[in-house]
Amino acid sequence: MLTILGISLIIIGLLSFILKLVLKPNKLIDWFNKKRSLQITIIGLIMSAFTGMFFYADAGTAYAVQYVTGGDKMITTQGVKLKWWGRIIPLSYETSIKDIITAPKEELPRNGQGIYNRKAQKWEFSDAIKAEISTSVIVGVNINDEAVFLNMADRNRSEAKLIYGRVLPNIDAAIKNTCKLMDAQDYISGQASDFDRYFRDQLENGMYQVELYYESDNNNEIVGDTSTVRQIKIGKSSKQKKFRIKRDSSGEIIRDNSNTLKQYGLKIYQAQVTGIDWEESFDKRLDLQKNEVAQTQLEKQQAEREYYRAKKEVAKGESEKAKERARLEKIQIQQTIEAETQAKVAGFNLIKEKKQFEVEQFKAKSKKVAADAQYYENAKLVSAGLTPQEKAEWNYKTTVGVAQQLKDLSLPQTYIDGGTNGSNGNLLQSLIGADLAKKMMNNGVKE
């Protein structure tokens, strides 16, 4: 700007000298006297010289300075720099390039240094479905290698030419190839990440060479360590044309390296799809699919609910059965314990009775032994003969014993006999004997 202003002042100063000599004097020409014309010319020369010698380098921008002598230099630091009336080519360290899906009357954001926006284009997938695809790409220049940077600046001469002439065509080619390799249905079914991977791989390493095939001839495609999800059944009758990545005999990807970004020293920092606007027919199909999926999910949930309800009833029955079984087992255990207890008590009683029997048997044997011993002793005493005193004691004990027995005997107070006279004597003798026995008993008691 200063250069243009300086040149303009030089032209005005020189032109005022010439017009003063040619035209008739007037107020305007009289104002441009020799002194003022000279001052204007000198100011123009100073401004032109200053802007020709110096320029200000902005932060985040690399400059290729091409001198009038034929040399060039890369400048990457900010501040006032010398250019010696040479040409400068500014290039941003990182340049943002976006394809934006806009509404019918919506305007794109303004472009600026390092920012380039354009309206998203429609692209066709392999199943003939079209969609507007918005992308976001960030490209960086190589400032670590001065020779590569200066060569790129010399070949492109401006950042705009580099973006519009080199980068954007590569982005378009990468999107086109990626769309060829994928169905729209595949994209919405989970291969969106593969789309981004194909897109960035081609921008970084060169465009794929693709070849035509039919679905029955398809094999899994591998890029780096990634395998495509598409599975094609052998023998499928569809003759729809498909494309796949072309490979050499060793399985390596064949690329078109005639116009890659690598040869300009550009690096891809970001490359991804930020949005897709499908054509109306596919949107309707998606809505139908969503409704079908929702209905299927609803039916599935209902079936699962019925299934779990049935399992709940079965579990409830099993729970009740388990409770009843536990209750019966508890009763059975109680009965078993009671039976075992009774058996043990009976066993203890049997042992007790047996021991008691043995005790009684032992007592009986003891009594028998004692009686036998007494009998033996008495027999010995009889056989050996008793003294008069011993005989008197023996008789006394015998009389006492007999009396004790007769005392316990109850005789009738009245006796009526209806027999003959011949039997009266026997009855009287019996009564007398009884009376004598009574007296003996009484005497024995008194004594």
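Residues numbered from 1 in each chain as written. Predicted model: local features only at pLDDT ≥ 70, side-chain atom pairs only at ≥ 80, totals over all residues. Heavy atoms only, no water.

S.K.: What is the right way to look at empty space enclosed by the protein in this model?
M.R.: In this approach a probe as big as a water molecule rolls over the atoms, and the regions it shows empty are the leftover space. All chains considered together, the criterion is met by one cavity of 30 Å³ or more. In this structure, the largest cavity spans a volume of roughly 40 Å³. Elements represented by at least two residues in the lining of the largest cavity include exactly β9 (130–140) and α5 (159–180). Sort the elements by how many residues they give to the lining of the largest cavity and α5 lands first, with three residues. For the lining of the largest cavity, the residue count by class is five nonpolar, three polar and one charged. (1 Å grid on protein atoms, 1.4 Å probe; cavity = no way out; pocket = protein on both sides within 12 Å on 5 of 7 lines; lining within 4 Å. Points joined across faces, edges and corners; volume = space filled by probe spheres on them. Helix = DSSP H or I, 4+ residues; strand = E, 2+ residues; numbered from the N terminus. Nonpolar A, V, L, I, M, F, W, Y, C, P; charged D, E, K, R; others polar.)

S.K.: So what exactly am I meant to see when it comes to the sheet that holds strand β5 (residues 87–92) here?
M.R.: Backbone hydrogen bonds hold the strands of a sheet together, and the pairing may be parallel or antiparallel. Reading across from one edge, β3-β2-β5 is the order of the three strands in this open sheet, with antiparallel pairing throughout. Edge positions in the sheet fall to β3 (72–75) and β5, since each of these pairs with one other strand and no more. The mean inter-strand angle of the sheet, taken between neighbouring strand axes irrespective of direction, is 20 degrees. Two elements, strand β2 (residues 61–66) and β3, share four bridges in a ladder whose sense is antiparallel. Looking at β3, one finds that Y63 is bridged to I75. (Pairing = 2+ DSSP bridges. Axes fitted to C-alpha atoms, helices over the stretch in contact; angles between N-to-C directions.)

S.K.: What am I meant to see in the nonpolar core here?
M.R.: Side chains of nonpolar character tend, in soluble globular proteins, to be buried together. With 47 residues, the main nonpolar core has F125, F149 and I171 as its most contacted residues. Elements with a contribution of two residues or more to this core: β2, β5, β9, α4 (146–156), α5, α6 (184–205), β10 (207–208) and β16 (267–278). In terms of residue count, α5 provides more of this core than any other element does, eight residues in total. The residues contacting I171, other than those within four sequence positions of it, are I97, D99, R118, T135, V137, F199 and L203. In terms of nonpolar packing, the next biggest core, distinct from the first, is built from five residues, F55, A57, V65 and I75 among them. (Core = buried A, V, L, I, M, F, W, Y, C linked by side-chain atoms within 4.5 Å. Buried < 20%, exposed > 50% of the residue type's maximum accessible area, 1.4 Å probe, protein only. Contact = heavy atoms within 4.5 Å.)

S.K.: Would you mind showing me how to read the packing of aromatic side chains here?
M.R.: The description of an aromatic ring pair uses the distance of the two centres, along with the angle that the planes make with each other. Inspection of the entire model under this criterion finds eight aromatic pairs. Judged by centre distance (5.2 Å) and plane angle (45 degrees), the rings of F125 and W278 are tilted. Placement of F125 in the loop between β8 (122–124) and β9 and of W278 in strand β16 is noted, with a sequence separation of 153 residues between them. In this structure F125 comes out as buried when scored by relative accessible area, which is 2%. Classification of W278 by relative accessible area gives buried; the value is 9%. Seen in terms of ring centroids, Y307 and Y308 are 5.2 Å apart; in terms of plane orientation they differ by 70 degrees. Their pairing is edge-to-face. A relative accessible area of 46% places Y307 in the partly exposed class. (Phe/Tyr/Trp six-rings, centres within 6.5 Å; stacked < 30°, edge-to-face > 60°.)

S.K.: Explanation requested: the environment of W84 in the structure shown.
M.R.: Tracing the backbone shows W84 in the loop between β4 (79–82) and β5. What makes W84 partly exposed here is its relative accessible area of 44%. In this structure, the C-alpha to C-alpha distance between W84 and F55, residues 29 residues apart in sequence, is 9.6 Å.

S.K.: Explanation requested: a nonpolar patch on the surface in the structure shown.
M.R.: A surface patch of nonpolar side chains, amounting to about 440 Å² of accessible area, comprises V68, L82, W84 and W85. Structurally, W85 can be placed in the loop between β4 and β5. (Patch = residues over 30% accessible without salt bridge, like charges linked within 9 Å, V, L, I, M, F, W, Y side chains within 5 Å. Areas by Shrake-Rupley, 256 points an atom, 1.4 Å probe, with all protein chains shown as cover. Salt bridge = Lys/Arg side-chain N within 4 Å of Asp/Glu carboxyl O.)

S.K.: Looking at this model, I keep getting lost on the pattern of salt bridges. Mind explaining?
M.R.: Where side chains of opposite charge bring their charged atoms close, a pairing between them can arise. Across all of its chains, the model carries ten salt bridges by this definition. A salt bridge links E318 to K321, with the shortest nitrogen-to-oxygen separation between them at 3.6 Å. Of this pair, E318 and K321 are both found in helix α7 (residues 280–384), three residues apart, which corresponds to roughly one turn of the helix. Given a relative accessible area of 43%, E318 falls into the partly exposed group. Owing to a relative accessible area of 43%, K321 belongs among the partly exposed residues under this scheme. Between R327 and E324 there is a salt bridge whose closest N-O contact spans 2.5 Å. Here E324 and R327 lie together in helix α7, a separation of three residues that amounts to about one turn. The exposure class assigned to R327 is partly exposed, which follows from its relative accessible area of 42%. Several salt bridges converge on common partners, so that one network encompasses D99, R118 and D172.

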